[in-house]
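Chain and residue survey
If you want the building blocks of each chain, they are given just below.
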Amino acid sequence: VSPSSGCQDPTNQVAATGPSCGDGMITWYGGAANSGAFANVYINSKWNFNVSGLYQLPLNFNLAANFYGRQGYPIPYYVRQNPGDGLGTRNVIIGNPDDHRNKNLYELDMRLEKVVPLFQKADLTFSLDVFNVANSNTPLQKRNRACNGSDGACSALGQNGTTQTSTAQANEITETQAPRTLRFGARLSF
């Protein structure tokens with residue numbers, strides 16, 4: 001199937017020879033696809049927000065903040081099995097991928113800067129940026145293969161997204177939110 005055709009497939013299965021769409025995309029639940037360099041990230045938030053603001057303090061100081069949040073992305077758990085339809089063994093999504101999600105993501109970034117006037121039309125600005133102020137480490141991506149081999153008997157998930165019969169790597173966290181980061185900077189404007 002060509003990605004230009006919209007990659008829409010209402011089934012929850014991947015073809016025996018690979019994904020049913022080009023460029024490594026996997027279709028499921030109305031055609032949602034993976035994102036960027038990561039094969040297990042499915043952009044499908046039902047809500048998100050972004051609030052930002054800047055307050056000018058006395059003595060040419062500025063304080064800015066940006067607060068971002070979104071619903072956690074779904075985790076489409078799958079098993080390798082042959083459903084007996086003649087297309088061979090393939091990845092089959094277990095249930096509705098929307099039933100299992102990563103935790104909601106929140107991040108607060110802040111900036112403090114001091115503007116130093118140099119000349120009539122020139123300023124030097126010193127800044128301190130703090131990214132992920134709360135130092136959250138929310139999981140962004142987990143391994144989603146629920147079972148070993150092509151055993152169709154282990155296709156059910158237990159409570160809290162754990163598998164009843166799982167590989168050693170199922171639910172292994174492969175990517176987390178970046179840790180708190182400080183950045184110092186200077187900018188000359190004229």
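Bear in mind that the values here come from a model prediction, so they are computed numbers and not experimental data.

Quick look at the nonpolar core
Counting residues in each nonpolar core, the largest one holds six residues, listed as Ile75, Tyr77, Val79, Val92, Ile94 and Ala146. Sequence-distant contacts of Ile75, defined by excluding residues within four places in its chain, comprise Pro97, His100, Arg101, Asn102, Lys142 and Asn144.

Comments concerning the pattern of salt bridges
Tallying each qualifying case throughout the model produces three salt bridges. Here Arg111 and Glu113 are joined by a salt bridge, their closest N and O atoms 3.0 Å apart. Residue classification places Glu113 among the buried positions, given a relative accessible area of 11%. Across the pair Arg183 and Asp129 runs a salt bridge whose closest N-O atoms are separated by 3.2 Å. Of this pair, Arg183 sits in strand E11 (residues 181-189) while Asp129 is found in strand E8 (residues 122-131), placing the two residues 54 residues apart along the sequence. Taken together, the shared-partner salt bridges connect Arg111, Glu113, Asp129 and Arg183 into one network.

As for the pairing of strand E3 (residues 48-57)
E3 sits mainly on the outside: zero of its 10 residues count as buried. Pairing between E3 and strand E4 (residues 61-70): 10 bridges, direction antiparallel. Within E4, the position partnered with Leu54 by the bridge is Ala64. Here E3 folds back onto E4, and the loop between the two strands holds three residues, one of which, Leu59, carries a positive phi near 65°.

A few points about the sheet that holds E8
Taken together, five strands build an open sheet; the order of strands is E3-E4-E7-E8-E11 and the sheet is antiparallel. Edge positions in the sheet fall to E3 and E11, since each has one partner strand and no second. Taking each pair of neighbouring strands and ignoring which way they run, the sheet shows an average axis angle of 15°.

Considerations on the confidence of the model for the chain
Confidence in the prediction of the chain, expressed as mean pLDDT, is 74, and 66% of residues score 70 or more. Across residues 1-10, where pLDDT falls below 50, the model places 16 contacts with residues more than four positions away in sequence or in other chains.

Definitions and cut-offs
- Residues numbered from 1 in each chain as written.
- Predicted model: local features only at pLDDT ≥ 70, side-chain atom pairs only at ≥ 80, totals over all residues.
- Heavy atoms only, no water.
- Core = buried A, V, L, I, M, F, W, Y, C linked by side-chain atoms within 4.5 Å.
- Buried < 20%, exposed > 50% of the residue type's maximum accessible area, 1.4 Å probe, protein only.
- Contact = heavy atoms within 4.5 Å.
- Salt bridge = Lys/Arg side-chain N within 4 Å of Asp/Glu carboxyl O.
- Helix = DSSP H or I, 4+ residues; strand = E, 2+ residues; numbered from the N terminus.
- Pairing = 2+ DSSP bridges.
- Axes fitted to C-alpha atoms, helices over the stretch in contact; angles between N-to-C directions.
- pLDDT = per-residue confidence, 0-100.

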